[in-house]
Amino acid sequence: MLRYTCKRILTGILSLFVLVTVTFFLVRLIPGSPFRQGGVSEQVVEAIEKEYGLDEPLLIQYLSYIGNLLHGNFGISYQDPATRVTDIIGRAWPVTASIGVTALVVSVLLGTGSGILKAVSKRNCVKEMISAVGMLAAGIPSFAAAILLLLIFSVKLKWLPASGLLSPAHYILPVTALSLYPAAMIARLTANALDRELKKDYILFARAKGVGRWRIILTHALKNAYLPVLNYVGPASAALLTGSFVIESIFTIPGLGREFVGSITNRDYTLILGLTIFMGAVVILVNLLTDLLCAWLDPQTRRAYQEEKI
């Protein structure tokens with residue numbers, strides 16, 4: 001396991017380096033300048049670009065940025081020179097994370113509960129209803145669900161607030177919009193895997209010994225059936241934790257998504273790179289933790305790593 005973990009960490013670092021390199025050169029292809037706004041003269045733009053080193057060859061700029069990055073310096077925002085990129089990330093990340101974590105918890109609980117109910121229920125109407133609701137939730141894009149929820153519960157019924165993140169009530173609509181698709185996928189994966197698991201010999205043996213039905217499901221079957229769910233939850237949780245750009249824009253939430261959209265609009269090179277590096281690191285870390293958790297839960301995977309080490 002230690003060897004596998006080290007290999008995954010090195011792969012993650014390499015992936016992050018490639019992401020930084022590709023993003024650096026791509027943002028430089030964006031037409032225009034971060035300072036050519038508001039009717040600023042060409043002479044003033046050239047002077048500002050020279051001050052920030054943007055007049056130097058692209059390779060020199062890249063090496064300089066990598067050097068600063070290795071020292072933990074993400075630079076300052078070109079649109080707000082008094083603010084460091086790390087300060088912007090530190091301000092926006094807790095907002096996005098609070099929505100992402102809440103949406104992840106709701107998705108896992110709702111999806112797992114629905115999947116278990118579908119797998120163990122003996123009523124076809126219950127199974128069909130869960131399948132129909134799941135197909136509907138999975139078929140609606142999150143931005144369409146957000147707009148629909150906004151129109152119904154904020155504009156029409158006026159039950160819930162439409163923007164901001166000032167109280168628990170403000171979380172309901174964005175979290176619901178973010179949770180629909182992951183919850184539907186988790187319910188489908190849980191139901192299919194649990195249905196197969198309940199037909200295996202060890203489950204029949206446990207029933208023959210008189211073990212309770214729900215104890216068998218929750219203690220034995222669900223643990224083995226949840227491996228494919230965890231493989232999905234990893235990337236899904238990374239996506240939820242790094243935020244949904246469209247959802248944050250629709251509900252006017254001051255998170256990473258809104259900052260990222262604004263940085264691209266303003267051609268704020270350092271902020272684009274800083275946000276990309278941070279979100280890439282979160283995705284890589286979450287996927288690594290998910291892989292390690294799956295390996296810990298799956299005895300066959302653990303044995304494969306031990307044999308590889310030998």
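The numbering scheme is per chain: residues are counted from 1 as the chain's sequence reads. Only residues with pLDDT of at least 70 get local features here, since the model is predicted, and only at 80 or more are side-chain atom pairs given and counted; chain-wide, interface and lining totals rely on the full set of residues. As a convention, hydrogens and water are excluded, and side-chain values are obtained from all of the structure's heavy atoms.

## Quick notes on the layout of surface pockets
Summary: where empty space remains is shown by rolling a probe the size of a single water molecule over the atoms.
Consideration 1: In this structure, the largest pocket encloses a volume near 390 Å³.
Consideration 2: Along the walls of the largest pocket sit 20 residues, with Ile130, Val133, Gly134, Ala137 and Ala184 positioned nearest its centre.
Consideration 3: Counting from the N terminus, the helices are the DSSP runs of H or I reaching at least four residues and the strands are the DSSP runs of E reaching at least two. Secondary-structure elements contributing two or more residues to the lining of the largest pocket are helix 4 (85-120), helix 5 (124-139) and helix 7 (168-197).
Consideration 4: Residues that form the lining of the largest pocket fall into these classes: twelve nonpolar, six polar and two charged.
Consideration 5: Here the term cavity refers to a set of points on a 1 Å grid, laid over the protein atoms alone, in which a 1.4 Å probe fits but cannot get out; the term pocket refers to an open set having protein on both sides within 12 Å along at least five of seven lines, with lining residues being those that place an atom within 4 Å of a point. Grid points are joined across faces, edges and corners, and a volume is the space filled by probe spheres set on the points. Taken as a whole, the second largest pocket spans an internal volume of roughly 330 Å³.
Consideration 6: Along its surface, the second largest pocket is lined by 16 residues, and Tyr52, Ser64, Tyr65, Asn68 and Tyr78 are the ones closest to its centre.
Consideration 7: If you tally residues by element for the lining of the second largest pocket, the top one is helix 3 (residues 58-70), at four residues. Classes in brief: Ala, Val, Leu, Ile, Met, Phe, Trp, Tyr, Cys and Pro nonpolar; Asp, Glu, Lys and Arg charged; the others, Gly included, polar.

## A closer look at the packing of aromatic side chains
Consideration 1: The rule is short: rings of Phe, Tyr and Trp, with Trp giving its six-membered ring, pair when the centres are within 6.5 Å, and they are stacked under 30 degrees, edge-to-face over 60, tilted in between. Enumeration according to the criterion identifies seven aromatic pairs in this entry.
Consideration 2: Ring centres of Phe25 and Tyr62 lie 5.3 Å apart, and the angle between their planes is 35°; on these two criteria the pair is classed as tilted. Of this pair, Phe25 sits in helix 1 (residues 2-27) while Tyr62 sits in helix 3, and the two are 37 residues apart along the sequence.
Consideration 3: For Tyr62, a relative accessible area of 9% gives the class buried.
Consideration 4: Ring geometry for Trp93 and Phe278: centres 5.1 Å apart, planes at 75°, overall edge-to-face. Classification of residues uses two cut-offs on accessible area relative to the type maximum, computed with a 1.4 Å probe and protein chains only: under 20% is buried, over 50% is exposed, and between them is partly exposed.

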